[in-house]
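Inside the fold
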Amino acid sequence: MDYYVISPVSNLEPMGLGDRIFVLAHLWVQFPHYRDYIRHKADEGYWITLDNSAAERALVTEDVLIDICHDLMPDEVIAPDVLFDKDATIKNAMFFHARMMEEGLLDKIDIFFCPQGATKQDWLEAYEWGLNQDWINVIGFSKIAIPNAWLSDDHFSNLRSFKEDQGIKEARHMAYNYLKERDMLKKPIHCLGQGDPTEFAYYDHPMMRSTDSVYPVLAASLGQDFRIDHETRTPTPHNFLEVYDMASVDMELVEANVNFLKASCRKEIIL
């Protein structure tokens, strides 16, 4: 698997440690130096994924996302999704597809679909819908949606007991096993965000393409060394990327954590 590294805007250099570049739409809009850095990486030939920032609760509109597509011309863009809402997410994807076609972008930029659902059944229906659309090129395994849906089949107790950024590895392994056993891994899968980085050494299906996360950087900012402790997952503060000052972070520890993630993605870690 390939991996992307996300970093606070105060120091974007850790992003260059990844195989690909993950662009958050709300940061693109706010920070000129972020746009400059991303353009430089695009010029260097990196694969660019444009995220709609739904997981960051940034409420980026379709118009803003389309404007960024015209400006940046990423390799792929994540269609607007709505956390835990299957119907709204499918509806948004359909409107986004039509808009991409209208704007002349559909043959230039791939569409990435992130299934949502309040329950396991809802999530599976959204996933299957995505499989059946020939214009959807990549499907996302959300670090938020999958634990919320797969760790409980009861919607209401699910919302009460769901803990942010916990159970990511366990829930995504459940979804992966279910889909693999039924021969439903038909399109490239990207794991959005991460918890325990050893998650990725488990995947042996060729459709498991890539993952992204800020967690190797956040963990380093807290003094957490994945070589010693890769299981603790401190929830990412929602404004971490915008406001955190990286000046005091041990960059050697950042690189060590990224290398641990890389080893997991390359299946160099023995589970």
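Values in this document were obtained by computation on a predicted structure and should not be read as measured data.

A word on the pattern of salt bridges. Under the counting rule described, the total for this entry stands at 19 salt bridges. Between R20 and D2 there is a salt bridge whose closest N-O contact spans 2.9 Å. Placement of the pair is R20 in the loop between β1 (2–5) and β2 (21–24) and D2 in strand β1, with a sequence separation of 18 residues. With its nearest N and O atoms 2.5 Å apart, the salt bridge here joins K86 to E125. One end of the pair, K86, is in helix α4 (residues 86–102); the other, E125, is in helix α5 (residues 120–131), with 39 residues separating them in the sequence. Under the relative-accessibility criterion, E125 is labelled partly exposed at 32%. Through salt bridges with shared partners, a single ionic network connects E62, D63, R99 and E103.

So, about the packing of α4 against α5. One way to put it is that α4 packs onto α5 with a least axis distance of 9 Å and a crossing angle of 15°. Viewed along their axes, α4 and α5 adopt a mutual orientation that is roughly parallel. Of the two elements, α4 crosses α5, and the hand of that crossing is right-handed. The segment α4 lies against α5, with K86, I90, A93 and M94 engaging D122, E125, A126 and W129.

One broad trend across soluble globular proteins is that nonpolar side chains are buried collectively. With 86 residues, the main nonpolar core has V23, Y34, I38, M100, W123, Y127 and F141 as its most contacted residues. No other element matches the 7 residues that helix α11 (residues 251–265) contributes to this core.

A word on helix α3 (residues 62–72). Turning to α3, its buried residues number three or more, namely L65, I66, I68, C69 and L72. Buried residues of α3 fall within an arc of 160° about the axis and therefore sit on the same side. Of the residues trailing α3, M73 is marked for its positive phi of about 55°.

What follows concerns the confidence of the model for the protein chain. Residues shown with low pLDDT carry predicted positions that ought not to be read at fine detail. For the protein chain, per-residue confidence averages 93 on the pLDDT scale, and 93% of positions sit at 70 or higher. pLDDT under 50 marks residues 154–162. Its contacts with residues more than four places away, or in other chains, come to 13 contacts.

The subject of this paragraph is helix α8 (residues 168–181). Along an α-helix, residues three or four apart share an orientation, since each turn contains 3.6 residues. The terminal C-alpha atoms of α8, which comprises 14 residues, lie 20 Å apart, in line with the 20 Å expected from a rise of 1.5 Å per residue. Positioned one or two residues after α8, D183 has a phi angle of 55°, which is positive.

A separate point is the side chain of N257. You can see N257 is positioned in helix α11. Sequence-distant contacts of N257, that is, excluding residues within four places in its chain, are made with P216, A219, A220, Q224, D225 and F226.

Right, let's get into the packing of aromatic side chains. The description of an aromatic ring pair uses the distance of the two centres, along with the angle that the planes make with each other. Evaluation of the coordinates by the stated rule reveals 14 aromatic pairs. Note on Y176 and Y202: the rings are 5.9 Å apart at their centroids and 70° apart in plane angle, and the pair reads as edge-to-face. Taken together, the positions of Y176 in helix α8 and Y202 in the loop between β7 (189–192) and β8 (208–213) put the pair 26 residues apart, joining distant regions of the chain. On the basis of relative accessibility, which here comes to 1%, the residue Y176 falls in the buried class. Ring centres of F200 and Y203 lie 6.3 Å apart, and the angle between their planes is 55°; this geometry places the pair in the tilted category. Owing to a relative accessible area of 0%, Y203 belongs among the buried residues under this scheme. Here the aromatic residues W123, Y127, F141, W150 and Y178 are joined through ring pairs into a cluster of three or more.

The rules we used
Residues numbered from 1 in each chain as written. Predicted model: local features only at pLDDT ≥ 70, side-chain atom pairs only at ≥ 80, totals over all residues. Heavy atoms only, no water. Salt bridge = Lys/Arg side-chain N within 4 Å of Asp/Glu carboxyl O. Helix = DSSP H or I, 4+ residues; strand = E, 2+ residues; numbered from the N terminus. Buried < 20%, exposed > 50% of the residue type's maximum accessible area, 1.4 Å probe, protein only. Axes fitted to C-alpha atoms, helices over the stretch in contact; angles between N-to-C directions. Parallel < 35°, antiparallel > 145°, perpendicular 65-115°, else oblique. Left-handed = near helix turned anticlockwise from the far one by under 90°. Contact = heavy atoms within 4.5 Å. Core = buried A, V, L, I, M, F, W, Y, C linked by side-chain atoms within 4.5 Å. Arc of directions from axis to C-beta. pLDDT = per-residue confidence, 0-100. Expected span 1.5 Å × (residues − 1). Phe/Tyr/Trp six-rings, centres within 6.5 Å; stacked < 30°, edge-to-face > 60°.

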